[in-house]
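Remarks on the overall topology
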Amino acid sequence: MSYLPVDHDYPKLWLVRHGETEWSRKHQYTGLTDLELTENGVRQAKEAGLKLSGLKFDSVLSSPLKRAFRTAELAGFPEPEVVPYAHEWDYGEYEGLRSADIRAKDPSYLIWTHGVRGGETLEQVADRADHVIAKVLDAPSDPPFHKGPGAQRNVLLFAHGHFLRVLAARWLDLPPVEGRRFVLDTATVCSLGWDKKTPAITSWNA
């Protein structure tokens, strides 16, 4: 982030994790499996929309997976731009498993340090997160994005637990493994912004 010019508009990136699915309720790894929201997930998504009411967004982005896209719709953003690389971690052979089940065989297991079999590496997830951040930071300066000196764009992204935690770490210029420090519940709202010119978390898991 240190490359940003002084006159950059320093956008604020709002994050919403998708609402509850049957697998997230049971703490199963849900990567590319395209699940629907539960009834509770639908309610959560609508409540997320209430938390965002009154805010104006210059662009709204979504993972291609329907649990995120549907959360965007229910939150009041029916036509988000689908970002193909904003999907959840591809868990490979661990898809559908719980971390507790894996730790029953290997007590030392932690996805942040051990990774997954047959899926993406943490570094690959981080690379996709970096692409999202670049998309947000490199948005056109022409109208409607450029609003004049001191103005700030608001960008909204609907995506997934692990992916958003990695993205938060990368926003802060931290290694992706530090995403383990950012607990993120379903359908919660977060925002990433700036302390003067330093990237910062401005709200989390609200």
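Residue positions within a chain follow its written sequence, with the count starting from 1. For this predicted model, a pLDDT threshold of at least 70 governs which residues receive local features, and a threshold of 80 or more governs which side-chain atom pairs are given and counted, while totals over whole chains, interfaces and linings are taken from all residues. Side-chain numbers here rest on the full set of heavy atoms in the structure, without hydrogens or water.

Some thoughts on the packing of aromatic side chains
- Stacked, tilted and edge-to-face are the three classes applied to pairs of Phe, Tyr and Trp rings, where Trp contributes its six-membered ring and a pair requires centres within 6.5 Å; stacked means planes under 30 degrees apart, edge-to-face means over 60, and tilted covers the rest. One pass over the structure, following the stated rule, counts ten aromatic pairs.
- Seen from their ring centres, Phe182 and Trp204 are 5.5 Å apart, and the 55° between their planes marks the pair as tilted. Of this pair, Phe182 sits in the loop between α7 (161-171) and β5 (189-195) while Trp204 sits in the segment after β6 (198-203); the two residues are 22 residues apart in sequence, bridging distant segments of the chain.
- Only protein chains enter the calculation, and the probe is 1.4 Å; a residue is then buried if its accessible area is under 20% of its type maximum, exposed if over 50%, and partly exposed in between. The exposure class of Phe182 is buried, given its relative accessible area of 13%.
- In this structure an aromatic cluster arises from ring pairing among Trp14, Phe57, Phe77 and Phe158. Numbering of helices and strands starts at the N terminus; helices are DSSP runs of H or I of at least 4 residues and strands are runs of E of at least 2.

Here we look at the packing of helix α6 (residues 122-137) against α7
- Where α6 contacts α7, the two axes come as close as 9 Å, and the packing angle between them is 65°. The crossing of α6 and α7 is right-handed. Every residue of α7 that contacts α6 at Leu122, Val125, Ala126, Arg128, Ala129, Asp130, Val132, Ile133 and Leu137 is listed here: Phe163, Val166, Leu167, Arg170 and Trp171.
- Each residue receives one of three labels: charged for Asp, Glu, Lys and Arg, nonpolar for Ala, Val, Leu, Ile, Met, Phe, Trp, Tyr, Cys and Pro, and polar for the others, Gly being one of them. Taken together, the residues of the contact of α6 with α7 break down into eleven nonpolar, no polar and three charged. Axis lines are fitted to C-alpha atoms, over the contacting stretch for helices. Their N-to-C directions set the angle, which ranges from 0 to 180 degrees. By convention the crossing between two helices is left-handed if the near helix lies anticlockwise of the far one by an angle smaller than a right angle, and right-handed if it lies clockwise. Whether two residues are in contact is decided by their heavy atoms: any pair within 4.5 Å suffices.

Some remarks on the nonpolar core
- What we call a nonpolar core is a set of buried Ala, Val, Leu, Ile, Met, Phe, Trp, Tyr and Cys residues that are connected through their side-chain atoms within 4.5 Å. Ranked by size, the top nonpolar core spans 39 residues in total, and within it Leu13, Leu15, Ile111, Leu157, Phe163 and Leu167 carry the most contacts.
- Looking at this core, the elements with two or more residues in it are β1 (12-17), α5 (111-114), α6, β4 (154-159), α7 and β5.
- Excluding its chain neighbours within four sequence positions, the residues that come into contact with Ile111 are Tyr29, Trp89, Tyr91, Val116 and His162.

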